[in-house]
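# Structural overview for review
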Amino acid sequence: MILFKNYYVVILLLLFTSHCFSQDSNDYYTTYDSIVNKVNLPVYNGILYQDLDYHAKDSSHPYFNENKYAEGSVYHINQWYNDLEIKYDLLTQVLVLSPPSSIKNIGIELNQENIKAFYIGSIKFVNLSNKFDSAKEKGYYRQDKISNQIDLFTHISKTSKEFITSRNVELKFYTSYNFILKKGGQYYTLNDKDDLLTALPHKKDQIDKLYKNRSKASHKNDLEFNLFLLKSLNL
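All values reported here derive from a predicted model rather than from experimental measurement.

## Looking at the overall build of the protein chain
The secondary structure content of the protein chain amounts to five helices and 12 strands. Across the 235 residues in the protein chain, those meeting the buried criterion constitute 41%. Long-range pairs, those at least 24 residues apart, make up 54% of the contacts in the protein chain with a sequence separation of at least 6. On the protein chain, roughly 13,800 Å² of surface is accessible, and the fraction owed to carbon and sulfur atoms is 48%.

Okay, structure coming up:
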């Protein structure tokens, strides 16, 4: 159910107030004013997000990079908003904004239609849903600029699998990748060597050699290999 902005502000402030009865009154009102001013920004508008309650089988989790909010920026309806706390849920493919308070386990799920791009740290993600027919998957694409003419877009997603133990049900999360290569104004799916040769036929000899030696290199995943490969081609 969509939680309209005015209702969200009321709920957030009520929750905040319940945590603050023991605070010094001056600190309380200073923090209260700060929250009101920040929540009034247009970016603080979306569906209420509740953190997933799960027992992890190992250190895996459903989020990009780390299992916590990180400093970032969001391009929301034609304007950048900086110094935000955000995280990207790769299981449900939603960008989550932390409310400007100390309340835990509650966030704002931002509407993808309103988000053109965002940064988590120095890593950029973009919304390609209106750019390319094969970019119809829900969520965003990580953008890595290889050269002035070449960009690698990576759709990162996670799935989960249940493991039943004597005490509870534990989840393990698995990461998968889909790639799109932008060359000039053209977009190419990039799922295997043949796709890369279609996009870069003039680099065939180098591509053949790099794929042949792939097993000898140390790459954690397909994203790391593709970045290494494209940068090695000196495009």
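## Observations concerning the packing of helix α4 (residues 204-212) against helix α5 (residues 222-232)
Direction vectors running N to C along α4 and α5 enclose 145°, while the axes themselves pass 10 Å from each other. In this structure, α4 meets α5 at a crossing whose hand is right-handed. In this structure, α4 uses Q206, L210 and Y211 to contact α5, whose residues at the interface are F225, F228, L229 and S232. Each residue belonging to the contact of α4 with α5 can be placed in one class, and the counts come to five nonpolar, two polar and no charged.

## Considering unusual backbone geometry
When glycine is set aside, most residues are seen to have a negative phi, and most peptide bonds are trans. The residue I77 is not glycine, and still its phi comes out positive at about 45°. Notably, Q93 is not glycine yet its phi reads approximately 60°, a positive angle. Tracing the chain through its elements places Q93 in the loop between β4 (80-89) and β5 (94-97). The buried category is assigned to Q93, whose relative accessible area is 7%.

## Regarding the environment of K204
Here K204 lies in helix α4. Assessed through its relative accessible area of 43%, K204 is described here as partly exposed. The sequence separation of K204 and D194 amounts to 10 residues, and the corresponding C-alpha distance is 10.0 Å. At 2.8 Å, the side chain of K204 forms a polar contact with the side chain of D208.

## So, the nonpolar core
If you look at the biggest cluster of nonpolar residues, it comprises 19 residues, and the most contacted ones within it are V74 and F118. Within the residue set of this core, elements represented by two or more residues are β4, β5, β6 (106-110) and β7 (115-120). By residue number, the principal contributor to this core is β4, which donates four residues. Non-local contacts of F118, meaning those with residues more than four positions away in its chain, are made with S73, V74, W80, I86, Y88, L95, I123, K124, F125 and Y140. One finds I146, I150, F179 and L181 within the second-largest nonpolar core, a separate group that totals 18 residues.

## What to know about the packing of aromatic side chains
Using the criterion set out here, one finds 11 aromatic pairs in the structure. Ring-pair connections join several aromatic residues into one group, and the members of that group are F64, Y88, F118, F125 and Y140. Over the ring of Y63 we find K87, and its NZ or CZ is 4.4 Å from the ring centre. Directly above the ring of Y69 sits K87, whose terminal nitrogen or CZ lies 4.5 Å from the centroid.

## Re the side chain of K203
In this fold, K203 is placed in the loop between α3 (193-199) and α4. The buried charged residue K203 lacks any salt bridge partner; its closest oppositely charged side chain belongs to D205, at an N-O distance of 10 Å.

## Description of the confidence of the model for the protein chain
Of the residues in the protein chain, 79% have a pLDDT of 70 or more, and the chain-wide mean is 82. Segment residues 9-23 is flagged for pLDDT under 50; beyond a separation of four residues in sequence, or across chains, it makes 23 contacts in the model. The low-confidence segment residues 25-35, where pLDDT is below 50, has 12 contacts with residues more than four positions distant or belonging to other chains.

## Comments concerning α5
Considered for burial, the residues of α5 that qualify are L223, F225, N226, L227, L229 and L230. Looking at the buried side of α5, the elements it contacts are β9 (141-145), β10 (150-164), β11 (169-183), α3 and α4. Of the residues that open α5, the one with a side-chain oxygen 3.1 Å from the backbone nitrogen of L223 is N221. Remark: N234 follows α5 within two positions and exhibits a positive phi of approximately 50°.

Cut-offs used in this document
Residues numbered from 1 in each chain as written. Predicted model: local features only at pLDDT ≥ 70, side-chain atom pairs only at ≥ 80, totals over all residues. Heavy atoms only, no water. Helix = DSSP H or I, 4+ residues; strand = E, 2+ residues; numbered from the N terminus. Buried < 20%, exposed > 50% of the residue type's maximum accessible area, 1.4 Å probe, protein only. Contact = heavy atoms within 4.5 Å. Areas by Shrake-Rupley, 256 points an atom, 1.4 Å probe, with all protein chains shown as cover. Axes fitted to C-alpha atoms, helices over the stretch in contact; angles between N-to-C directions. Left-handed = near helix turned anticlockwise from the far one by under 90°. Nonpolar A, V, L, I, M, F, W, Y, C, P; charged D, E, K, R; others polar. Polar contact = N/O pair within 3.5 Å; in protein donor to acceptor, adjacent residues only side chain to side chain. Core = buried A, V, L, I, M, F, W, Y, C linked by side-chain atoms within 4.5 Å. Phe/Tyr/Trp six-rings, centres within 6.5 Å; stacked < 30°, edge-to-face > 60°. Lys NZ or Arg CZ within 6 Å of the ring centre and 35° of its normal. Lys, Arg positive; Asp, Glu negative; His and termini not counted. Salt bridge = Lys/Arg side-chain N within 4 Å of Asp/Glu carboxyl O. pLDDT = per-residue confidence, 0-100.

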